[in-house]
Amino acid sequence: MQRYSLFSLARNAVSYHERWQRAWRSPDPKPAYDAIIVGGGGHGLATAYYLAKEHGITNVAVLEKGWIGGGNTGRNTTIVRSNYLWDESAHLYEKSLQLWEGLSQDLNYNVMFSQRGVMNLGHSLQDMRDIVRRSSANRLNGIDSEVLTPEQIKELVPIIDISSQARYPILGASFQRRGGVARHDAVAWGFARGADARGVDIIQNCEVTGIQRENGVVTGVETSRGIIKAPKIGVVAAGHSSVIADMAGIRMPIESHPLQALVSEPLKPVLHTVVMSNGVHGYVSQSDKGELVVGAGIDSYIGYGQRGSLSVIEGNVAAIIELFPIFSRVRMLRQWGGIVDVCPDACPIIGKMPLGGLYFNCGWGTGGFKATPGSGWVFAHTIAQDRPHALNEAFSLERFTSGALIDEHGAAGVAH
Amino acid sequence: MLIIECPWCGPRDQTEFSYGGEAHIVRPLQPDTLTDAEWADYLFMRSNTKGRYREQWCHAHGCRRWFNAERDTVTYRIDSVYKVGETPPEPKQ
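Residues numbered from 1 in each chain as written. Chains lettered and ligands numbered in written order. Predicted model: local features only at pLDDT ≥ 70, side-chain atom pairs only at ≥ 80, totals over all residues. Heavy atoms only, no water.

**Student:** Would you mind going over the overall build of chain B in detail, with residue names and values included?
**Tutor:** The secondary structure content of chain B amounts to 1 helix and 6 strands. For chain B, the spread of C-alpha atoms along the three principal axes comes to 45 × 30 × 25 Å. Here chain B contributes 12 positive and 14 negative side-chain charges, whose respective centroids are spaced 6 Å apart. (Helix = DSSP H or I, 4+ residues; strand = E, 2+ residues; numbered from the N terminus. Lys, Arg positive; Asp, Glu negative; His and termini not counted. Charge placed at Lys NZ, Arg CZ, Asp CG, Glu CD.)

Pasting the structure below:
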């Protein structure tokens, strides 16, 4: 792998930037691998990267039906935080946040992780009670969190309306300073480059159409590019998890919904942190290009169409304008939808399946981007060792039978 | 944006309706004899089909009655609506 540095930049400038290596190869699939990852989004590529880096398993293929990072990895609002309520999820997301903090150096790829802080607003007495509770729970778990007064919010975000005349007045907020945003495409590309350099085959335009099994164990997958054998198959298919599970005869507690987001025309810097509100439902940050990145809620109906209804956007934009009256004349440039795999308890499923050699990492719902490195890290451990890591043990499919659900609807941040 | 045809009120805007998820999930008749796995299947497991899907809708801001619809979850096109208790119409080709 060609290392990126100031010197490599200078050297390539001399040759008019025509001699940069491709960041990853585009190999044909081999007939067999030690492990197959289904899904070439951030989580799948991170899994392959950590399988190679942490566990020495390099004979791995990542199968992607479209192009890498073309699904939810490129369709989210890039927010990274770890302020979850329960111990299980707090530890998992905090592991991920710690990996984010060293990710650009680890991958030798600038993922533009910017710890500009994430603010969750409260609009009612109950909101504030929940915020204080969650903030305290975070601190007990060693996760940074502060509770802000409206005046402190105004100091950090001067354009916000904290007046008592607002329809839903702002009473306070929780604030995680280590939270922030990252460049989503760079995350997929960085993990792809790192995995490829360690020998992982990234195979795009290769759709899985069936899962082969014998005597209760998986033996390989049928794809649009032929049959590929492997004793271990890790599925990281986000919105299409139920479709793949159905091929293996497994029922999932997942429903796939459209989740929309939109960006505005570029503005001068006005918003230096990430502001989220569960109460009026909206979240917004400003990208380095100056665009406002606005996230909406999910559409109530099941949808695989990567688009949602305008009514959701209308409600979302109304909330944003209520919080930031200055944005009322901002023009929106584009809008899109992703397919999110929502679990009943708003927590992921990461673990072994009833079929031997089959592993699923899914159910991240509306908040998977922040977990990308941590999710790949624990899933690689699960596949390599054939047992979950302590961090993802609680996130088994079995919890829906045992009843040990982890209710994170409050911290999930997106209205379901 | 969907236009949904309520079997009682006719075609109305999607914003008048609330969604009720997968249709034809039968409540267990003898809940005390169910195993944990059967409970999990009834409470949490869903078909989540990509393609033609039978689902429940409620005309929440209209007649407030529940009904079923058969909709394609990729194109979002609604093929038919039918009342609760009715047999779903044969799929149109």
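**Student:** I'd love a proper account of the sheet that holds strand 18 (residues 349–352) of chain A, names of residues and values included.
**Tutor:** Residues and elements named next belong to chain A. Taken together, 6 strands build an open sheet; the order of strands is 8-2-1-12-19-18 and the sheet is mixed. Both outer strands of the open sheet, strand 8 (201–203) and strand 18, are each paired with one neighbouring strand and no more. When the angles between neighbouring strand axes are averaged without regard to direction, this sheet yields 15 degrees. Relative to strand 8, strand 2 (residues 60–63) runs parallel, the two being bridged by 3 bridges. In the sheet register, L63 faces strand 8, and the bridge partner there is I203. (Pairing = 2+ DSSP bridges. Axes fitted to C-alpha atoms, helices over the stretch in contact; angles between N-to-C directions.)

**Student:** Any details on the environment of B:Q56? Residues and values, ideally.
**Tutor:** All names here are of chain B. Relative to the helices and strands, Q56 resides in strand 4 (residues 52–58). Q56 sits 22 residues away from I78 along the chain, and the two C-alpha atoms are 12 Å apart. Sequence-distant contacts of Q56, defined by excluding residues within four places in its chain, comprise Y19, G20, G21, E22, A23, W66, F67 and N68. A polar contact of 3.1 Å, which involves the side chain of Q56, links it to the backbone oxygen of E22. (Contact = heavy atoms within 4.5 Å. Polar contact = N/O pair within 3.5 Å; in protein donor to acceptor, adjacent residues only side chain to side chain.)

**Student:** Which residues make up the interface of chain B and chain A, and what values do they have?
**Tutor:** With 24 residues of chain B at the interface, the matching set in chain A holds 28 residues. When residues of chain B are sorted by the area they lose upon contact with chain A, B:F44, B:N48 and B:Y76 head the list and together hold 31% of the total. One can count 1 salt bridge joining chain B with chain A. For the salt bridge of A:R251 with B:D41, the shortest nitrogen-to-oxygen distance reads 2.8 Å. Counting every contact that joins chain B to chain A gives 15 residue pairs in polar contact (both at pLDDT 80 or more). (Buried area = accessible area lost by both parts, 1.4 Å probe. Salt bridge = Lys/Arg side-chain N within 4 Å of Asp/Glu carboxyl O.)

**Student:** Can you tell me about the environment of A:A380, naming the residues and giving the values?
**Tutor:** All names here are of chain A. Structurally, the position occupied by A380 is in helix 10 (residues 372–385). Residue class for A380 comes out buried when judged on its relative accessible area of 0%. If we ignore the near neighbours within four places in the chain, the residues touching A380 are T47, Y50, L51 and H55. (Buried < 20%, exposed > 50% of the residue type's maximum accessible area, 1.4 Å probe, protein only.)

**Student:** Give a description of the packing of helix 2 (residues 42–55) of chain A against helix 7 (residues 184–197) of chain A that names residues and reports values.
**Tutor:** The relative placement of two packed helices comes down to the angle between their axes together with the axis-to-axis distance. Residues and elements named next belong to chain A. Relative orientation of the contacting elements helix 2 and helix 7 amounts to 30 degrees, with a least axis distance of 8 Å. The pairing of helix 2 with helix 7 is recorded here as roughly parallel in orientation. Our pair here, helix 2 against helix 7, has a crossing hand that is left-handed. Across the interface between the two elements, G42, L45, A46, A48, Y49 and Y50 of helix 2 pack against A188, F191, A192, G194 and A195 of helix 7. When the residues that make up the contact of helix 2 with helix 7 are grouped by side-chain class, the tally is 9 nonpolar, 2 polar and no charged. (Parallel < 35°, antiparallel > 145°, perpendicular 65-115°, else oblique. Left-handed = near helix turned anticlockwise from the far one by under 90°. Nonpolar A, V, L, I, M, F, W, Y, C, P; charged D, E, K, R; others polar.)

**Student:** Explain empty space enclosed by the protein residue by residue, including any values.
**Tutor:** Residue and element names in this part refer to chain A. Under the definition given, this model contains 2 cavities of 30 Å³ or more. There is about 70 Å³ of room inside the largest cavity. Forming the walls of the largest cavity are 12 residues, and the residues nearest its centre are A346, W364, T366, G367 and A412. In terms of residue class, the lining of the largest cavity is made up of 7 nonpolar, 5 polar and no charged. Put simply, the second largest cavity is a space of about 30 Å³. (1 Å grid on protein atoms, 1.4 Å probe; cavity = no way out; pocket = protein on both sides within 12 Å on 5 of 7 lines; lining within 4 Å. Points joined across faces, edges and corners; volume = space filled by probe spheres on them.)

**Student:** Talk me through helix 3 (residues 87–101) of chain A; I want residue IDs and the actual numbers.
**Tutor:** Helix length check: helix 3 of chain A (15 residues) gives 21 Å between terminal C-alpha atoms against 21 Å at 1.5 Å per residue, within 8%. All of the buried residues in helix 3 of chain A are A:S89, A:A90, A:L92, A:Y93, A:E94, A:S96, A:L97, A:L99 and A:W100. (Expected span 1.5 Å × (residues − 1).)

**Student:** So what's going on with the confidence of the model for chain B? Which residues, and what values?
**Tutor:** The predicted model of chain B averages 94 in pLDDT, with 97% of residues at 70 or higher. Scored by ipTM, the complex comes to 0.95, with pTM at 0.96. (pLDDT = per-residue confidence, 0-100.)

**Student:** Explain the packing of helix 2 of chain A against helix 10 of chain A residue by residue, including any values.
**Tutor:** All names here are of chain A. Where helix 2 meets helix 10, the axes come as close as 7 Å, and the angle between the chain directions of the two elements is 55 degrees. Comparing the axis directions of helix 2 and helix 10 gives the class oblique. Seen along the crossing, helix 2 lies across helix 10 with a hand that is right-handed. The segment helix 2 lies against helix 10, with G42, H43, A46, T47, Y50, L51, E54 and H55 engaging T372, P373, S375, G376, W377, F379, A380, H381, I383, A384 and Q385. Here the contact of helix 2 with helix 10 is composed, by residue class, of 9 nonpolar, 9 polar and 1 charged.

**Student:** Summarise the packing of aromatic side chains; cite the residues concerned and give the values.
**Tutor:** Enumeration according to the criterion identifies 16 aromatic pairs over all chains in this entry. Ring geometry for A:Y49 against A:Y50: centres 5.1 Å apart, planes inclined by 75 degrees, an arrangement best described as edge-to-face. Note on accessibility: A:Y49 and A:Y50 belong to one class, buried. Summarising the aromatic geometry, the rings of A:F400 and B:F44 are spaced 5.4 Å apart at their centres and angled 65 degrees between planes, so their arrangement reads as edge-to-face. Remark: B:F44 occurs in the loop between helix 1 (36–43) and strand 4 and A:F400 occurs in helix 11 (residues 399–402); the pair is interchain, linking two chains. By way of ring pairs, the aromatic residues A:Y301, B:Y19, B:W57 and B:Y76 are connected into one cluster. The ring of A:W377 carries the charged tip of A:K95 above its face, separated from the ring centre by 3.8 Å. Sitting over the ring of A:Y168, A:R167 keeps its end group 4.5 Å from the ring centre. (Phe/Tyr/Trp six-rings, centres within 6.5 Å; stacked < 30°, edge-to-face > 60°. Lys NZ or Arg CZ within 6 Å of the ring centre and 35° of its normal.)

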